[in-house]
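Each chain, letter by letter, is given below.
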Amino acid sequence: ADALFYSGRAKQAAEILSTISAPLADGGSGAEGPLATRARWRHADALLSAGDYKAAAARYERLLADEGQDAAGPGARLSLAAAYRALKEDAKAVDQYRKVWMDHPADSAGKAAAHTLRIWREAGGPVPHATAEQRLDRAERILGLGRPTQLLKALDKLDATSPDPMSQARSRLLRAIGLLQLGRHAEAEPIAQKLMATATTDE
């Protein structure tokens, strides 16, 4: 199946992979274990490569639901997004690309998702800009990865959009933490003091 898949004969590969990965009740091998798991994901890839986008999307959806969101890494979501886009299910495609962009801000998958969304939008596609909440969720993920310089750049982009007061407060908190991680205490202190003053006033 792998040989067929990598030689461009995805449809034939999908037929074999379907038999390997299907349960006995459905006429398959009923196989379990790492190879069977690999066959299930490769079956979805083969369906996508063969142009059977509806079946591929259904397969990716089932696998992501049954085997966990991160079972095959962000590549599975990128593939599902591609299948949705081919099916003209644009909102679903954007949602999947956005999840990869938010959840994987420091790796190639996140960059690929961002690039795809940007190019699609510039071409006139129905791709809204990320909301302040989405940008902040991504910023928190960046902070958790210990990448304060990237965090500050992400917050600069967010602040340039003039977010609402609640989002501004959350952005300032993340900025203060990022500055502390960089050892820039003199810059972090006034931000923290302003946040504390605001919190006291709200009470």
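What counts as what
- Residues numbered from 1 in each chain as written.
- Predicted model: local features only at pLDDT ≥ 70, side-chain atom pairs only at ≥ 80, totals over all residues.
- Heavy atoms only, no water.
- Axes fitted to C-alpha atoms, helices over the stretch in contact; angles between N-to-C directions.
- Helix = DSSP H or I, 4+ residues; strand = E, 2+ residues; numbered from the N terminus.
- Parallel < 35°, antiparallel > 145°, perpendicular 65-115°, else oblique.
- Left-handed = near helix turned anticlockwise from the far one by under 90°.
- Contact = heavy atoms within 4.5 Å.
- Nonpolar A, V, L, I, M, F, W, Y, C, P; charged D, E, K, R; others polar.
- Expected span 1.5 Å × (residues − 1).
- Polar contact = N/O pair within 3.5 Å; in protein donor to acceptor, adjacent residues only side chain to side chain.
- pLDDT = per-residue confidence, 0-100.
- Core = buried A, V, L, I, M, F, W, Y, C linked by side-chain atoms within 4.5 Å.
- Buried < 20%, exposed > 50% of the residue type's maximum accessible area, 1.4 Å probe, protein only.
- Arc of directions from axis to C-beta.
- Salt bridge = Lys/Arg side-chain N within 4 Å of Asp/Glu carboxyl O.

Attention now moves to the packing of helix α6 (residues 90–103) against helix α7 (residues 108–122). Relative orientation of the contacting elements α6 and α7 amounts to 140°, with a least axis distance of 7 Å. The angle between α6 and α7 falls in the class oblique. Regarding α6 and α7, the two cross each other, and that crossing is left-handed. Here Asp90, Ala93, Val94, Tyr97, Arg98, Val100 and Trp101 of α6 lie close against α7, whose contacting residues are Ala109, Gly110, Ala113, Ala114, Thr116, Leu117, Trp120 and Arg121. Residue classes in the contact of α6 with α7 are distributed as 10 nonpolar, two polar and three charged.

For α7, spanning 15 residues, the distance from its first C-alpha to its last is 21 Å, which sits close to the expected 21 Å at 1.5 Å a residue. Buried residues in α7 make contact with α5 (74–86) and α6. The N-cap residue of α7 is Asp107: its side-chain oxygen and the backbone nitrogen of Ala109 are 3.2 Å apart. Positive backbone phi, approximately 95°, marks Gly124, located one or two places after α7.

Let us look at the confidence of the model for the protein. In this model, the protein carries an average pLDDT of 90, and 90% of its residues clear a pLDDT of 70 or more. Here helix α11 (residues 185–202) stands out as the element of the protein with the lowest mean pLDDT, 82, in contrast to helix α8 (residues 132–144), whose mean of 97 is the highest.

Once that is clear, we can look at the nonpolar core. With 33 residues, the main nonpolar core has Ala13, Trp41, Ala46, Tyr60, Leu80, Tyr97 and Trp120 as its most contacted residues. Of all the elements in the fold, those that place two or more residues in this core are α1 (2–6), α2 (10–21), α3 (34–49), α4 (53–67), α5, α6 and α7. Once you skip the residues sitting within four places of it in the chain, Tyr97 turns out to touch Leu78, Ala81, Ala82, Ala113, Thr116, Leu117 and Trp120. By size, the runner-up hydrophobic cluster in this structure holds 10 residues, among which are Ala139, Leu143, Leu151 and Ala154.

This part is about α2. Because an α-helix completes one turn every 3.6 residues, residues spaced three or four positions apart along the sequence face the same direction. For α2, built from 12 residues, the straight-helix expectation of 16 Å at 1.5 Å per residue is met to within 8% by its first-to-last C-alpha distance of 16 Å. Within α2, the full set of buried residues consists of Ala10, Ala13, Ala14, Leu17 and Ser21. Within α2, the buried residues cover an arc of 100° as seen down the axis, which keeps them to one side. For α2, exposure combined with an orientation more than 90 degrees from the buried face picks out Lys11 and Glu15.

So, on to the pattern of salt bridges. All chains considered together, the criterion is met by 12 salt bridges. Notably, a salt bridge pairs Asp2 with Arg42, separated by 2.6 Å at the nearest N-O pair. With a gap of 40 residues between them, Asp2 in helix α1 and Arg42 in helix α3 connect regions that are remote in the sequence. Accessibility expressed as a relative area gives 26% for Asp2, which makes it partly exposed. Residue Arg42 is classed as buried on the basis of its relative accessible area, which comes to 14%. A salt bridge links Arg175 to Asp156, with the shortest nitrogen-to-oxygen separation between them at 2.9 Å. Of this pair, Arg175 sits in helix α10 (residues 165–181) while Asp156 sits in helix α9 (residues 148–159), and the two are 19 residues apart along the sequence. Under the relative-accessibility criterion, Asp156 is labelled partly exposed at 44%.

Following the sequence through the fold, Gln150 ends up in helix α9. Residues Gln150 and Gly178, 28 residues apart in the sequence, show an inter-C-alpha distance of 9.3 Å. Beyond its immediate sequence surroundings of up to four residues, Gln150 is in contact with Pro105, Ala106, Arg138 and Ile142. For Gln150, the side chain forms a polar contact with the main-chain oxygen of Pro105, separated by 2.9 Å.

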